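For reference, the chains in residue letters:
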Amino acid sequence: NAGVMQNPRHLVRRRGQEARLRCSPMKGHSHVYWYRQLPEEGLKFMVYLQKENIIDESGMPKERFSAEFPKEGPSILRIQQVVRGDSAAYFCASSPNQEETQYFGPGTRLLVL
Amino acid sequence: AQRVTQPEKLLSVFKGAPVELKCNYSYSGSPELFWYVQYSRQRLQLLLRHISRESIKGFTADLNKGETSFHLKKPFAQEEDSAMYYCALPYSGGGADGLTFGKGTHLIIQP
């Protein structure tokens, strides 16, 4: 089992562009969580998804950010019209169910120029 | 609102000395607390959770509801313990959904 996969590992975007971050959960895991880590800060919860459903998006900014976890394929975190303040490390975690340990991916470092 | 405070950004101790990484929290209700660790060039991984009451790699943590603390302790530090340590609790009331993390403590074990 390769663990949680995230790609790209590094992403550079100019202000106003779109960023798409992908997360493939561990095999057998149907729960996905996205976190953002700003410099010198702890990880902040953004959104929790199960297959085809958003369970809790209370940590996600109301505008420009969206997430999905389709029936087939990876979970996608999409940031439209990026701004410099979006520069951060974005981590994905997965678990087999709500009660089990979350396993983290290596993160995607987003830099907005 | 749920909050986790790790007051020490950096903690340096000598090999063989006791280690205590501090974590204080604010939470409405009865929390489940976690310690995660990130070794150099590795991904974040669970070290222990208070509900399991396990000792992992010699580390233990006791939930003190009176002091709202969940300090991580190890009696004799080893060089391989050098890492970033994060304390965490559930983002919202109850359940094991998203987590709220502290800012982390960088533990350095000197030889």
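Residues numbered from 1 in each chain as written. Chains lettered and ligands numbered in written order. Predicted model: local features only at pLDDT ≥ 70, side-chain atom pairs only at ≥ 80, totals over all residues. Heavy atoms only, no water.

A. Representation of the overall build of chain B. For chain B, the helix and strand inventory stands at zero helices and 11 strands. Written out in order from the N terminus, the α and β elements of chain B read β-β-β-β-β-β-β-β-β-β-β. Against the 2.2 N^0.38 benchmark of 13 Å for 111 residues, chain B shows a C-alpha radius of gyration of 13 Å, consistent with a compact globule. The dimensions of chain B, computed from C-alpha atoms along their principal axes, are 40 × 30 × 25 Å. Of all 111 residues assigned to chain B, the portion counted as buried reaches 46%. Counting only carbon and sulfur atoms, one obtains 51% of the accessible surface of chain B, whose full area is about 5,600 Å². (Helix = DSSP H or I, 4+ residues; strand = E, 2+ residues; numbered from the N terminus. Rg over C-alpha atoms; globule rule 2.2 N^0.38 Å. Buried < 20%, exposed > 50% of the residue type's maximum accessible area, 1.4 Å probe, protein only. Areas by Shrake-Rupley, 256 points an atom, 1.4 Å probe, with all protein chains shown as cover.)

B. Structural context of the interface of chain B and chain A. Contact with chain B, which involves 16 residues of that partner, is made by 22 residues of chain A. Roughly 1,700 Å² of surface becomes buried between chain B and chain A when both sides are summed, with 48% attributable to carbon and sulfur atoms. For the interface between chain B and chain A, the tally reads two salt bridges. Linking chain B to chain A there are five residue pairs in polar contact (both at pLDDT 80 or more). Among the secondary structure elements, those contributing two or more residues to the side of chain B that touches chain A are strand 6 (45–49) and strand 10 (99–101) of chain B. (Contact = heavy atoms within 4.5 Å. Buried area = accessible area lost by both parts, 1.4 Å probe. Salt bridge = Lys/Arg side-chain N within 4 Å of Asp/Glu carboxyl O. Polar contact = N/O pair within 3.5 Å; in protein donor to acceptor, adjacent residues only side chain to side chain.)

C. Structural detail: the pairing of strand 7 (residues 65–68) of chain A. Taking every second residue as pointing to the same face, the buried face of strand 7 of chain A carries F65 and A67 of chain A, while none of S66 and E68 of chain A on the other face is buried. Taken together, strand 7 of chain A and the strand that follows it, strand 8 (residues 75–79) of chain A, pair antiparallel across an intervening segment of six residues, in which G73 of chain A is found at a positive phi of about 95°. (Pairing = 2+ DSSP bridges.)

D. The arrangement of the pairing of strand 9 (residues 88–95) of chain A in detail. All names here are of chain A. Burial analysis of strand 9 places eight of its eight residues in the buried class, which makes it a mostly covered element. Side chains of strand 9 alternate between two faces, with A88, Y90, C92 and S94 and A89, F91, A93 and S95 buried alike. Of the strand pairs in this sheet, strand 4 (residues 31–37) and strand 9 are connected by seven bridges, and their pairing is antiparallel. Considered in strand 9, the bridge of V32 is made with S94. Note: strand 9 against strand 11 (residues 108–112), three bridges, orientation antiparallel.

Interpretation in functional terms is not warranted from these geometric data alone.
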